[in-house]
Amino acid sequence: MKNYVLLCVVLLFILESCNQNDGKMNLKYPKTKKVDQVDDYFGTKVADPYRWLENDTSKETASWVKAENKVTFDYLSKIPFREKIRERLKQIWDFPRNYAPFKKSGLWFFYKNNGLQNQSVLYVLKNVEDMQSARVLIDPNTMSVDGTTALGSVSVSKDGKYIAYSIARGGSDWNEILVKEIETGKELSDEIKWVKFSGISWFKNGFFYSAYEPPKQGTELSKKNEFHRLYYHKLGTPQSADALIIDNKKEPLRMFYGSVTSDEKYLIIYEETQGKRGNGVWIKDMQKPTAALIHLIESFDFEYSFFDNDGSVLFARTNFDAPKYKIISIDINKSKKENLKDIIPEKENVLESCQNAGGKFIVQYMKDAYSQLEVHERTGAFVQEIKLTGIGSVSSFNGDVADALAFYTFTSFTTPGDIYKFDVKSGKSSLYESSKIKFDGSLYEIKQVFYPSKDGTKIPMFITYKKGIKLDGSNPTILYGYGGFNVKITPSFNIAYVAWLENGGVYAVANLRGGGEYGKKWHVAGTKLQKQNVFDDYIAAAEYLIKEKYTRSEKLVARGGSNGGLLVGAVINQRPDLFKVALPAVGVMDMLRFHKFTIGWNWVSDYGSSENKEEFAYIYKYSPLHNIKSEAKYPAVLVTTADHDDRVVPAHSFKYIATMHEKYCGENPVLIRIETMAGHSAGKSTTKLIDEYTDVFSFVFYNLGIEPAYK
C-alpha cells in the first residue's frame, strides 16, 4: 500500500510538472477544464474531456482562447529577433504585383496589389495594350477598417454592363454577392446573403448562385451545412423572391452548382453527395423556359467538368474510364454513356484543365507535379506545345472564346509570377510583365528527387536551396506536405519563404499519395483505409533529407495546413524523433467528429467515418487528438488556427493543444496561436499574413537555435 501511495505521489508530481515550463522561458500553460464525456464507438469507449471547447461562441471558450493566446504571445514577444523578422517580411512584401489580365464580355480586367495593400484591387479597361487607361472597379480595402473583407468570385453579364461579385468577411466561407454597374461604378441594391461553395453565372438580367438557409444566430461558424440549393436571382428584386432551381429535400448532404454556357443556351448543374468523389450532371435548355431538367449523368462515380459547347454538343474534362483524365464530347440529345466521344484521350500525364481560347483548346497537363501546356484543335488534333521557362506551374491561363489574345502566369519556388502573353493564331508566347520583387531567384536551385516510401513507391519531392550549400546535415529545413483530396501541390512562390531561403534554409515539398499529382489511383492510394500511406510517404521524405545530409532531425521542421495539419499531427505522434519543430496549421485533429461540423461531412470520401465500424478502427489509430503520448519526446509545436475558420472549425486545434498540455511532459514548448477575424486561409489580409509568418518564423528560428542575419 505504501509503495502504491508513493507511486501515486510520483505520478502526480510528473503530471504537475508537465504544466510547468519548456526549459527555456518557464512556460506555464493555462489549466483547461475537463468534463466527463465518453462516447461508445462499437464497444470502444473514447473519452472527450474537452468537448466543451467545441462551443465556439461561449464565454468560457472565449476566456480559454484569451488565456492561451496570452501564453503564446508572451513567449513570442521575448524572442529577441522577432521584430527584425517582421521588418524584413514587410520589406520583402512591399512590391507592386499585377495578375494576368482576363477578358469578359468585351472588357479586360486584372487584379493589382501596390505592395502592402491588405487585399488586391480589381481594375477594368477596354484595351489591354493601354494599361494606363485602367480604372479601379472593386477595392475590397475600402470595405473594412482592418482589411479583413476579401473579394471572391466575379462574374460579368453577357452585355458587359454589370459585374456580380462575392465578398467574405473575416475569413469565413460565408459569402455575400453584390452587383455593380461597370461603366459608372454605381452599386445596385441587390444583396445576396448566406452564399457558400458557389459560383456566379449570369443569364440575361440575373444570375445563378448556390446558398443555404440562414443558420440560427450563434451557430454560423460551426453548424453542419445541410440542404445546399441552387437559385436564380433577377436584378432589382429581393433575395426572398429568388427562384429555387434545384435542391433535394430528402438528401441533406447534396450540393448543387450552376454554370451557364457562354452562348447562354444551356444551364449545367453539378450535383455532389457525401462519400462519393464524382458528380452527377443536370442540364436545362435555356431557350425553352418551360423545359424540364435533364438528368444527363446520374452516377457520382466520376468527375465531369464542362467548359465549352457547340450547340447541343458539350465538351468536358472527365476521369470516366480515364484515371488521369481526358476530354470528351457529349450530345445532350444522346445522354447515354455509350454516346460519349473521346476528343483528347487519356495520356501518360494528368490532364489538369482545358478551355477554349480563340477557337482552340488550351490543355494544361501535369508531369511529375509540374505544368505543361498544349494547344489542340477543337477536334482534339494536337497543334503545338507552349514552351515554359522551367520547372514550375501555370497558375492561371486566361483566354476568351472570341479573342486570340490570352495571358498566363508562370511561377515556381524561385519565380514570383511572370505574366506571359500568348497569341493563339501565331502560336507565339512572349513575356508580358515580370515580377518587381527584390529577390534574385538565380541564386537558388530547385531540384526534383524521387525517393522510396515504406512500401517502395517512388515519391517525388522538390527541394529548393541556396546554390553552394554544403550537404553536411547542418541546414535548417522545412518539409511541407499535404496528401489529400486529389489536391495537386505544384511549384509555387511564397513571398514569406524568401526570409527562410536567404537565411540558408532548405524548403522541401513532398508530393504525397492522396494528392492528385498522378491521377485517380494516386489519390485513392492515400484515402480511407490507405491513409497511412500518406504518413509513411512524409516520414520517408524526412528520412531521405537526413540520409542525403540536407539536414538532421535537430534542424528539421514539419509543416502542413488543413489536411496537412492532420498530417503533421499524425506524424509527430508516430515519429516525434524526426523533427525539432512542428507547425500544424488549421488541422483536422479530431478524426472521430470532423463530420459533425460545417462542411466536414464532405470529407468522408477521403477519410471514412467513425460511424462505420471498420473505418472507425482505422482512423482512431492515427487521429492526432487521440494518439498523443505522455512518454513521447515531442518537437516544439506551434499550432495555428483562427476564430472564423468555418472550414476546419478551430475546436480541432483547441482540443488538440489542451490534450498536449495535459499529457506532454517534455521541455519543448507546445503552443497555439489563435488569430482573430481570419478563417481557413483564403482572403487573409497582408497585415495578418505578415504577423503570422513573423511569429511562425520567429518560433522556428528560435527553437532551431538560429538567429536570422538581419541588422
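Everything numeric here is computed off the predicted structure, so don't read it as measured data.

Reading guide: rules and limits
- Residues numbered from 1 in each chain as written.
- Predicted model: local features only at pLDDT ≥ 70, side-chain atom pairs only at ≥ 80, totals over all residues.
- Heavy atoms only, no water.
- Helix = DSSP H or I, 4+ residues; strand = E, 2+ residues; numbered from the N terminus.
- Rg over C-alpha atoms; globule rule 2.2 N^0.38 Å.
- Buried < 20%, exposed > 50% of the residue type's maximum accessible area, 1.4 Å probe, protein only.
- Contact = heavy atoms within 4.5 Å.
- Areas by Shrake-Rupley, 256 points an atom, 1.4 Å probe, with all protein chains shown as cover.
- Pairing = 2+ DSSP bridges.
- Core = buried A, V, L, I, M, F, W, Y, C linked by side-chain atoms within 4.5 Å.
- Salt bridge = Lys/Arg side-chain N within 4 Å of Asp/Glu carboxyl O.
- Axes fitted to C-alpha atoms, helices over the stretch in contact; angles between N-to-C directions.
- Phe/Tyr/Trp six-rings, centres within 6.5 Å; stacked < 30°, edge-to-face > 60°.
- Expected span 1.5 Å × (residues − 1).

Enquirer: Please set out the overall build of the protein residue by residue, giving values where relevant.
Expert: Regarding its fold elements, the protein presents eleven helices and 39 strands. The C-alpha atoms of the protein give 26 Å as radius of gyration, which agrees with the globular expectation for 711 residues (27 Å, within 12%). Across its three principal axes, the protein shows a C-alpha extent of roughly 90 × 60 × 50 Å. Here the protein, with 711 residues, has 59% of them falling under the buried criterion. Intrachain contacts of the protein at a sequence separation of at least 6 include 57% that bridge at least 24 residues. As displayed, the protein offers around 29400 Å² of accessible surface, 50% of which is attributable to carbon and sulfur atoms.

Enquirer: Describe the pairing of strand β14 (residues 229-234), listing the residues and the values that go with them.
Expert: Along β14, five of the six residues are buried, which leaves the element largely enclosed by surrounding structure. Two elements, strand β13 (residues 206-211) and β14, share six bridges in a ladder whose sense is antiparallel. Bridge assignment links glycine 206 to a residue of β14, and that residue is lysine 234. With three bridges connecting them, β14 and strand β15 (residues 243-246) associate as antiparallel partners.

Enquirer: Go over the nonpolar core, please, and point to the residues and values.
Expert: Residues Phe306, Met461, Ile463, Leu479 and Phe579 are the most contacted members of the largest nonpolar core, which totals 140 residues. Per-element tally for this core: the top contributor is helix α6 (residues 532-547), with nine residues. Beyond its immediate sequence surroundings of up to four residues, phenylalanine 306 is in contact with Ile268, Tyr270, Val281, Leu296, Leu314, Phe315, Ala316 and Ile330.

Enquirer: Before we move on, could you go through the pattern of salt bridges and cite the residues and values that matter?
Expert: Scanning the entire structure with this criterion turns up 47 salt bridges. For glutamate 187, the salt bridge goes to lysine 180, with nearest N and O atoms at 3.5 Å. According to the relative accessible area criterion, glutamate 187 is partly exposed, its value standing at 38%. A salt bridge links lysine 387 to glutamate 385, with the shortest nitrogen-to-oxygen separation between them at 3.6 Å. In this structure glutamate 385 comes out as partly exposed when scored by relative accessible area, which is 34%. Linked by salt bridges that have partners in common, Asp39, Asp48, Arg51, Glu54, Asp590, Arg593 and Lys655 make up one network.

Enquirer: Outline the sheet that holds strand β21 (residues 313-318), supporting the account with residue identities and numerical values.
Expert: Here we have four strands laid out as an open sheet, ordered β20-β21-β22-β23, and antiparallel in their pairing. Here the strands that pair on one side only, and so sit at the sheet edges, are β20 (304-310) and β23 (341-344). Across the sheet, the axes of successive neighbouring strands diverge by a mean angle of 35 degrees, strand direction being ignored. Judged from the six bridges that link them, β20 and β21 form a sheet pairing that is antiparallel. Within β21, the position partnered with serine 305 by the bridge is arginine 317.

Enquirer: Before we move on, could you go through the packing of aromatic side chains and cite the residues and values that matter?
Expert: By the definition in use, this model includes 47 aromatic pairs. Taking the centre distance of 6.2 Å and the plane angle of 10 degrees together, the rings of tryptophan 500 and phenylalanine 697 count as stacked. Within this pair, whereas tryptophan 500 is found in helix α4 (residues 498-501), its partner phenylalanine 697 is found in helix α11 (residues 686-704), the two being separated by 197 residues in sequence. Taken as a pair, tryptophan 500 and phenylalanine 697 share a single burial class, namely buried. Aromatic side chains tryptophan 500 and phenylalanine 701 sit 5.4 Å apart centroid to centroid with 35 degrees between the ring planes, which places their arrangement in the tilted category. Taken together, the residues span a long stretch of sequence, with tryptophan 500 in helix α4 and phenylalanine 701 in helix α11 at a distance of 201 residues.

Enquirer: Quick one: what's the story with unusual backbone geometry, residue by residue and with numbers?
Expert: In this structure, aspartate 368 is a non-glycine residue whose phi angle is positive, near 50 degrees. If you trace the backbone, aspartate 368 turns up in the loop between β25 (360-367) and β26 (370-376). Looking at aspartate 368, the relative accessible area reads 19%, which means it is buried.

Enquirer: Got a sec to walk through helix α10 (residues 651-663)? Specific residues and values, please.
Expert: Across its 13 residues, α10 extends 18 Å between first and last C-alpha, which sits within 8% of the 18 Å expected from 1.5 Å per residue. By the criterion of burial, α10 is predominantly enclosed, with eleven of the 13 residues buried. Here α10 has its buried residues at Ala651, His652, Ser653, Phe654, Lys655, Tyr656, Ile657, Ala658, Thr659, Met660 and His661. Where α10 is buried, its residues touch α2 (59-77), α7 (563-574), β38 (636-642) and β39 (670-675).

Enquirer: Kindly report on the sheet that holds strand β31 (residues 428-433), identifying the contributing residues and their values.
Expert: Within the open sheet, the four strands sit side by side as β28-β29-β30-β31. Their pairing is antiparallel. The open sheet is flanked by β28 (393-400) and β31, the only strands paired with a single partner. Across the sheet, the mean angle from the axis of one strand to that of its neighbour is 25 degrees, orientation sign disregarded. Sheet topology note: the β28/strand β29 (residues 403-411) ladder contains six bridges and is antiparallel. Its bridge partner lying in β29, asparagine 398 is registered against phenylalanine 407.

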